[in-house]
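These are the residues of each chain, in order.
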Amino acid sequence: MQQMVQDSQTKSGPAKRVRTAPIRDLREWLSRVEQIGELIRVREPVDPDQEMSAISYLVAKQQPSPAVLFERARGFAGSRIPAKLLWNILGPSLRRIALTLEEPPDTPTVELIRRVKDKLKRRVPPHEVSANEAPVYENTITGRQIDLEELPIPKHWPLDGGRYAGTADAVITRDPDSGYLNVGTYRMMLQGKSKVGLYLSPGKDARLHITRAWQQGKSIEVAAAWGIDPLFMLVGSQTFPKNISEYEFAGGIKGEPIPVVRGKTTGLLLPANGELVIEGIIRPNSVKAEGPFGEFPGYYGRPEAGCPLVDVTAVHYRSSPVLTNALMADYPSCEQSGFFSVIRSAKIWDDLDKLGIPGIRGVYSHPAAAGGFGMTVISIEQRHAGHAAQVLALAAQVPGGAYYTKWIIAVDEDIDPTDMNQVIWAMASRCNPIDDIDILRNTWSTWLDPTQNPPEKRPYGSKALINACKEHRYLPVFSKRTALRESVYEKVGSRWKELGFPGQIPAISSFEAENKVTYHEVGDFEPGLQPGEVKAVRGKKARKTSR
């Protein structure tokens with residue numbers, strides 16, 4: 001069993017590694033979050049109709065911004081299923097995001113992204129357990145006994161079309177052709193005692209599965225976990241190859257197989273450690289009006305429209321289950337913003353690695369950009385002519401980065417992609433808009449994009465590719481940036497407190513370099529002479545250029 005590595009700083013050198021067992025379920029996750037002081041338990045009754053979401057919205061704007069566990073939902077005291085509700089699960093907290101990804105809470109952002117990127121390269125298939133080994137089968141309700149209206153399913157926003165159970169969830173479907181299991185995060189609206197609507201954006205895996213089954217005139221089985229280890233939400237929200245189950249990627253991040261159990265009314269594999277899981281069936285062409293819903297860009301999505309309708313055949317739950325909820329809103333109150341900045345960045349970086357693109361120093365999907373979807377920044381060491389343009393074009397269209405993203409920005413290796421002050425500085429001092437911005441049209445987008453009007457134009461979008469790197473052909477003569485000498489930085493840092501300054505010395509990564517700029521394309525294939533190039537001139541002695 002692989003174990004999570006915790007860093008422990010020492011004075012004599014690199015951090016020592018202390019190993020911790022992977023998180024097994026949501027309850028253990030809550031315990032770990034409480035240990036690092038990032039959980040608030042609300043014991044007073046709170047209304048799930050807009051009050052819980054309002055609190056989540058406001059708490060996310062605080063620093064620190066803890067997860068909130070509502071232990072009593074007003075109006076549901078007599079329910080057969082006395083559920084608790086978890087909100088602001090990860091929020092803007094990088095500490096909780098790192099913990100969820102089985103990394104130390106204080107891991108720096110770019111290093112966390114790098115580690116997760118490497119974890120995505122390994123896959124561990126799930127392990128099927130027997131029904132009596134699955135905590136989620138502690139209680140089961142089937143048939144006419146099902147009444148989802150007994151659950152404190154919340155309404156998030158004033159103009160939402162209904163109550164939404166599936167927000168921080170894991171929806172399981174099977175590809176009718178290949179048989180592979182998809183685990184995705186999709187919204188689900190309560191449509192009756194035993195019915196829920198399932199909203200799916202164009203191109204999403206579950207939508208493709210449903211469409212394919214309907215083309216064959218068949219029903220399709222579906223399951224959804226409404227109380228989950230948050231890792232499922234992170235993995236389920238990303239775009240992976242359409243022939244590999246997200247269970248395998250989740251196992252790769254944990255370093256051990258995810259325990260799954262076969263459904264009782266479907267043949268699907270369910271998260272054995274889930275808090276509450278429903279099983280059901282979508283019959284051919286069964287749809288019902290759904291929405292609107294306040295979505296990740298911070299706006300209500302498309303108006304009410306038909307969505308696949310799930311007939312629920314079973315409800316399984318642990319005693320006193322915890323339901324996980326994700327508020328979609330403006331930053332930083334959008335639940336997905338923070339974790340997208342890590343796992344989406346890692347997925348894009350991994351995609352670029354698979355394509356063999358050299359020189360990638362960091363990737364960052366900024367959390368403020370429409371739930372982490374809207375902008376991707378890539379830091380590169382330019383290795384050859386056209387390198388930045390190649391990286392921009394690929395980052396815009398790889399599986400991890402193609403959906404919705406509007407702004408793709410390339411910066412040099414001396415720029416921290418997670419520091420927007422540095423990124424904006426690079427855009428202002430290294431990008432010449434007339435030469436360095438390209439546009440892609442008719443790209444993969446979503447019905448949820450408020451900029452595309454009339455709505456019939458959706459879900460097609462566009463992308464701006466912004467080259468904010470130093471112009472490669474002029475690297476030898478590009479103005480040299482001002483930078484501190486590292487020795488001076490360290491000297492000042494050692495006296496920071498002695499000199500009376502509060503806190504720690506600000507971290508910087510770019511220092512004055514003694515080495516000369518080396519132009520990657522020096523040689524006879526280039527017109528003219530480059531600094532340091534020796535070139536024979538016909539009838540004259542060879543000369544060496546300098547500038």
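A. Structural detail: the overall build of the protein chain. Assigned secondary structure in the protein chain consists of 12 helices and 26 strands. The C-alpha extent of the protein chain, read off along each of the three principal axes, is 95 × 60 × 45 Å. Counting the 547 residues in the protein chain, one finds 53% classified as buried. Seen as two clouds, the 69 positive and the 63 negative side-chain charges of the protein chain have centres 3 Å apart.

B. Geometry of helix 10 (residues 420–430). Those residues of helix 10 that fall on the buried side of the exposure criterion are Met420, Val423, Ala426 and Arg430. The buried residues of helix 10 occupy an angular sector of 125 degrees when the element is viewed end-on, so they sit on one face. Facing away from the buried side of helix 10, by more than 90 degrees, are the exposed residues Asn421 and Ala428. Residues of helix 10 that are buried sit in contact with strand 21 (375–380), strand 22 (407–412), helix 11 (433–436) and strand 24 (460–467). Where helix 10 begins, the capping side chain belongs to Asp419, and its oxygen is found 3.0 Å from the backbone nitrogen of Asn421.

C. Molecular detail of the sheet that holds strand 15 (residues 269–271). Judged by pairing direction, the sheet is mixed, and its three strands sit side by side in the order 6-14-15 without closing on themselves. Lying at the two open borders of the sheet, with one neighbouring strand each, are strand 6 (127–128) and strand 15. The pairing of strand 14 (residues 259–262) with strand 15 spans three bridges and is antiparallel. Its bridge partner lying in strand 15, Val261 is registered against Leu270.

D. Here's a closer look at unusual backbone geometry. Of note, the amide linkage connecting Gly291 to Pro292 takes the cis form, showing an omega dihedral of 0 degrees. Checked against the element boundaries, Pro292 lands in the loop between strand 17 (287–290) and strand 18 (305–317). Residue Pro454 follows Asn453 across a cis peptide bond; omega there is 0 degrees. Counting through the fold element by element, Pro454 comes out in the loop between strand 23 (437–444) and strand 24. With a phi angle near 60 degrees, Asn285 is a residue other than glycine that sits in the positive phi range. Note that Asn285 resides in the loop between strand 16 (276–282) and strand 17. Note on Asn285: relative accessible area 59%, which makes it exposed.

E. View of the environment of Pro92. Topologically, Pro92 is positioned in the loop between strand 5 (84–87) and helix 3 (94–100). Note: C-alpha distance between Pro92 and Trp157 (65 residues apart in sequence) is 20 Å. With near-sequence residues (within four places) excluded, Pro92 lies in contact with Ala60, Gln63, Ser65 and Pro332.

F. Summary view of the sheet that holds strand 22. The strand order across the open sheet formed by five strands is 20-21-22-24-23, and the pairing between neighbours is mixed. In this open sheet, the two edge strands, each paired with only one partner strand, are strand 20 (360–365) and strand 23. Going from strand to strand, the sheet's axes swing by 20 degrees on average, the running direction of each strand aside. Note that strand 21 and strand 22 share six bridges and pair parallel. For Thr376, the partnering residue across the bridge sits in strand 22 and is Ile408.

G. Structural view of the packing of aromatic side chains. All chains considered together, the criterion is met by 13 aromatic pairs. Directly above the ring of Tyr137 sits Lys264, whose terminal nitrogen or CZ lies 4.3 Å from the centroid.

Here is what the cut-offs are and how they apply
Residues numbered from 1 in each chain as written. Predicted model: local features only at pLDDT ≥ 70, side-chain atom pairs only at ≥ 80, totals over all residues. Heavy atoms only, no water. Helix = DSSP H or I, 4+ residues; strand = E, 2+ residues; numbered from the N terminus. Buried < 20%, exposed > 50% of the residue type's maximum accessible area, 1.4 Å probe, protein only. Lys, Arg positive; Asp, Glu negative; His and termini not counted. Charge placed at Lys NZ, Arg CZ, Asp CG, Glu CD. Arc of directions from axis to C-beta. Contact = heavy atoms within 4.5 Å. Polar contact = N/O pair within 3.5 Å; in protein donor to acceptor, adjacent residues only side chain to side chain. Pairing = 2+ DSSP bridges. Axes fitted to C-alpha atoms, helices over the stretch in contact; angles between N-to-C directions. Phe/Tyr/Trp six-rings, centres within 6.5 Å; stacked < 30°, edge-to-face > 60°. Lys NZ or Arg CZ within 6 Å of the ring centre and 35° of its normal.

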